[in-house]
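# Analysis of the macromolecular model
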Amino acid sequence: RIAHPWPPDFSPITATAAAPDTVWVGGTPGLCRLDFSADHVRLQGRTCYGGKQIGGDTVVSLLADRGGRLWVGTTKGLATFDGKIWRFINRSNGLIWNDLDQDALFEDKAHGLWIGTSQGLSHLTSPNAILRRDPPNISISRVSVAGRILRGDRKSTRLNSSHLVISYAVFC
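These numbers were taken from a predicted model, which means no experiment stands behind them.

### Comments concerning the overall build of the protein
Looking only at helices and strands, the protein has two helices and 14 strands in total. The 172 residues of the protein split such that 33% are buried. Carbon together with sulfur atoms contributes 50% to the accessible area of the protein, which is approximately 10,800 Å² in total.

Here you go:
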C-alpha cells in the first residue's frame with residue numbers, strides 16, 4: 001500500500017508499469033515516476049513532469065512500449081520519452097486530434113501505436129520514423145500537368161488551371 005507519495009496538488013488518473021520496479025502515474029498536473037525498492041517507494045529524482053515536458057498538464061493515458069519508450073497521452077497531444085529526451089506529437093505532425101481519450105493507447109504486434117482521441121483514432125505504423133530528427137528522403141517519381149508527363153529536362157511549365165499531379169515516395 002502506498003501512502004500518497006506524490007506532491008499534495010497531484011491528482012492521479014492513470015498508471016503504467018514501465019519495468020519490474022518502476023511505475024509511472026499520470027494525472028493533474030502532470031506525471032510522476034515511482035521507483036519501488038524492497039519495502040519502500042520513492043519518487044524519482046525529478047518527481048513530476050509538467051506541461052513543458054509533456055505538452056499538457058492533464059495526463060489521461062500511459063503506455064510503456066516493448067522498446068522501453070514511455071507514451072504519455074494528454075488533453076493537448078501525445079508525448080514520448082526514451083529515457084533521455086521528451087518529444088511531442090499533436091495534430092500538426094500526425095494526430096487526428098490533440099485531445100486524447102483516457103486509457104486509449106495500444107501497441108500492436110507490429111510495434112505500431114494506436115491512439116484514441118475525442119475525434120477519432122490515429123495509428124502510427126512506424127513510431128520510430130515519426131520521431132526521427134532528420135527529415136525523410138523524398139524522391140519525386142513523376143510530374144504531370146493535364147495528363148501530360150513532364151520530363152526532367154523541362155524546368156518549368158505554364159499551369160493556368162490545369163490539373164497537376166506529383167507522384168513521390170518517402171524513404172525513412
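Structure's up, so let's keep going.
### Section: the confidence of the model for the protein
This prediction gives the protein a mean pLDDT of 81; 78% of its residues lie at or above 70. No element of the protein has a lower mean pLDDT than strand 4 (residues 40–49), at 60, and none a higher one than strand 5 (residues 59–64), at 95.

### Details of the side chain of S61
Relative to the helices and strands, S61 resides in strand 5. Note on S61: relative accessible area 0%, which makes it buried. Separated by 2.6 Å, the side chain of S61 and the backbone oxygen of D101 make a polar contact. In this structure S61 touches T14, W71, V72, G73, D101, Q102, D103, A104 and L105, once residues within four positions along its chain are discounted.

### What to know about the sheet that holds strand 5
Spatial ordering of the open sheet is given by 5-6-7-8, a layout of four strands whose pairing is antiparallel. Edge strands, defined here as strands with exactly one partner in the open sheet, are strand 5 and strand 8 (86–89). Pairwise comparison of adjacent strand axes, ignoring direction, gives a mean angle of 20° for this sheet. Across five bridges, strand 5 lies against strand 6 (residues 70–74) in antiparallel orientation.

### A closer look at the pattern of salt bridges
If charged atoms from side chains of opposite charge come close, those side chains can pair. Enumeration over the complete set of coordinates arrives at one salt bridge. We note a salt bridge from E107 to R66, for which the minimum N-O separation is 3.8 Å. Linking E107 in strand 9 (residues 100–107) with R66 in the loop between strand 5 and strand 6, this pair joins segments that are 41 residues apart in sequence.

### Some points on the sheet that holds strand 9
Strand order across the open sheet formed by three strands is 9-10-11, with antiparallel pairing between neighbours. Both outer strands of the open sheet, strand 9 and strand 11 (120–124), are each paired with one neighbouring strand and no more. Strand after strand, the sheet turns through a mean of 15° between neighbouring axes, direction not considered. Pairing between strand 9 and strand 10 (residues 113–117): four bridges, direction antiparallel. Within the sheet, the bridge partner assigned to L100 lies in strand 10 and is T117.

### Regarding the nonpolar core
Core analysis: the largest hydrophobic core is formed by 12 residues, namely V60, L63, W71, L78, I89, L95, L100, L105, L113, I115, L124 and L131. At the level of secondary structure, the elements contributing two or more residues to this core comprise strand 5, strand 9 and strand 10. Beyond its immediate chain neighbours, meaning those up to four positions away, V60 contacts I13, T14, G73, T74, T75, L100, D101, Q102 and D103. Membership of the second largest hydrophobic core comes to 11 residues, among which are W24, Y49, L70 and A79.

### A word on the environment of G77
Within the secondary structure, G77 is located in strand 7 (residues 77–81). Counting along the chain gives 14 residues from G77 to R91, while the straight-line C-alpha distance between them is 7.5 Å. Ignoring anything within four residues of it in the chain, the contact list for G77 reads V72, F88, I89, N90, L95, N98 and L100.

### A few points about empty space enclosed by the protein
In this structure the tally under the stated criterion is one cavity of 30 Å³ or more. There is about 40 Å³ of room inside the largest cavity. Around the largest cavity sit R69, T80, F81, D82, I85, R87 and L131, which together line it. Among the residues making up the lining of the largest cavity, the classes are represented as three nonpolar, one polar and three charged.

The rules we used
Residues numbered from 1 in each chain as written. Predicted model: local features only at pLDDT ≥ 70, side-chain atom pairs only at ≥ 80, totals over all residues. Heavy atoms only, no water. Helix = DSSP H or I, 4+ residues; strand = E, 2+ residues; numbered from the N terminus. Buried < 20%, exposed > 50% of the residue type's maximum accessible area, 1.4 Å probe, protein only. Areas by Shrake-Rupley, 256 points an atom, 1.4 Å probe, with all protein chains shown as cover. pLDDT = per-residue confidence, 0-100. Polar contact = N/O pair within 3.5 Å; in protein donor to acceptor, adjacent residues only side chain to side chain. Contact = heavy atoms within 4.5 Å. Pairing = 2+ DSSP bridges. Axes fitted to C-alpha atoms, helices over the stretch in contact; angles between N-to-C directions. Salt bridge = Lys/Arg side-chain N within 4 Å of Asp/Glu carboxyl O. Core = buried A, V, L, I, M, F, W, Y, C linked by side-chain atoms within 4.5 Å. 1 Å grid on protein atoms, 1.4 Å probe; cavity = no way out; pocket = protein on both sides within 12 Å on 5 of 7 lines; lining within 4 Å. Points joined across faces, edges and corners; volume = space filled by probe spheres on them. Nonpolar A, V, L, I, M, F, W, Y, C, P; charged D, E, K, R; others polar.

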